[in-house]
Amino acid sequence: MTDAEEVEMDAAAVDQFLGSGGTGVLSLSTEGDEPPDAVPVSYGYDAERRVFHFRVSLGHEDDPGDLSGRAVTFVAYGDGDGRWRSVVARGRLQNVDEEGIATETLAEMERVDIPLVDVFEEPLRMVSFDFFRLDPDEFTGRRESPVND
């Protein structure tokens, strides 16, 4: 960025950018010195609780394995109002079926909209999905701003 600098977004701007859902990239921790697995995903976002929900397909050749408890970084980004924006959230995934989060997850799921993006070679009714929740430990948002603003 030559004529611009990054500017941190406040919580309200982050919530507005994320809306109730969209798409981004989920990077998953791996063993040893293997690079992280990065997967394009759709997400749901609950601004009231500031948590993310993901619908992850299972049983395919690049299935990432058990995701519950895995350290992740999620990035949502885009161009809004002529300015680039990004949100980065870090934490550990929780399977929504885990004891203790199932009840609060039901309320959160009513407030989110996870887009269903069809990137599969078979009908969606044949694809298995699990739902995961990310309650971020770290959460940042940045936007591009002209230097002379």
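Because the structure is predicted, anything quoted here is derived from the model rather than measured.

Under the counting rule described, the total for this entry stands at three salt bridges. R70 serves as the salt-bridge partner of D37, at 4.0 Å between the closest nitrogen and oxygen. Taken as a pair, D37 in strand β3 (residues 37-46) and R70 in the loop between β4 (51-58) and β5 (71-80) lie far apart in primary sequence, 33 residues in all. Residue classification places D37 among the partly exposed positions, given a relative accessible area of 33%.

It is worth spelling out the environment of G22 at this point. Take G22: it is sitting in strand β2 (residues 21-28). The buried category is assigned to G22, whose relative accessible area is 15%. Note: C-alpha distance between G22 and S42 (20 residues apart in sequence) is 5.6 Å.

When pLDDT is averaged along the protein, the result is 78; 65% of the residues meet or exceed 70. The secondary-structure element of the protein with the lowest mean pLDDT is helix α2 (residues 102-109), recorded at 61, while helix α1 (residues 11-18) shows the highest, at 93.

The subject of this paragraph is the nonpolar core. The biggest cluster of nonpolar side chains holds 20 residues, and the ones touching the most others in it are F52, F54, F74 and L93. Secondary-structure elements contributing two or more residues to this core are α1, β2, β3, β4, β5, β6 (83-95) and β7 (128-134). In this view, L93 contacts L26, L28, F54, L67, S68, G69, R70, V72, F132, R133 and L134; residues no more than four positions away in its chain are not counted.

About the criteria used
- Residues numbered from 1 in each chain as written.
- Predicted model: local features only at pLDDT ≥ 70, side-chain atom pairs only at ≥ 80, totals over all residues.
- Heavy atoms only, no water.
- Salt bridge = Lys/Arg side-chain N within 4 Å of Asp/Glu carboxyl O.
- Helix = DSSP H or I, 4+ residues; strand = E, 2+ residues; numbered from the N terminus.
- Buried < 20%, exposed > 50% of the residue type's maximum accessible area, 1.4 Å probe, protein only.
- pLDDT = per-residue confidence, 0-100.
- Core = buried A, V, L, I, M, F, W, Y, C linked by side-chain atoms within 4.5 Å.
- Contact = heavy atoms within 4.5 Å.

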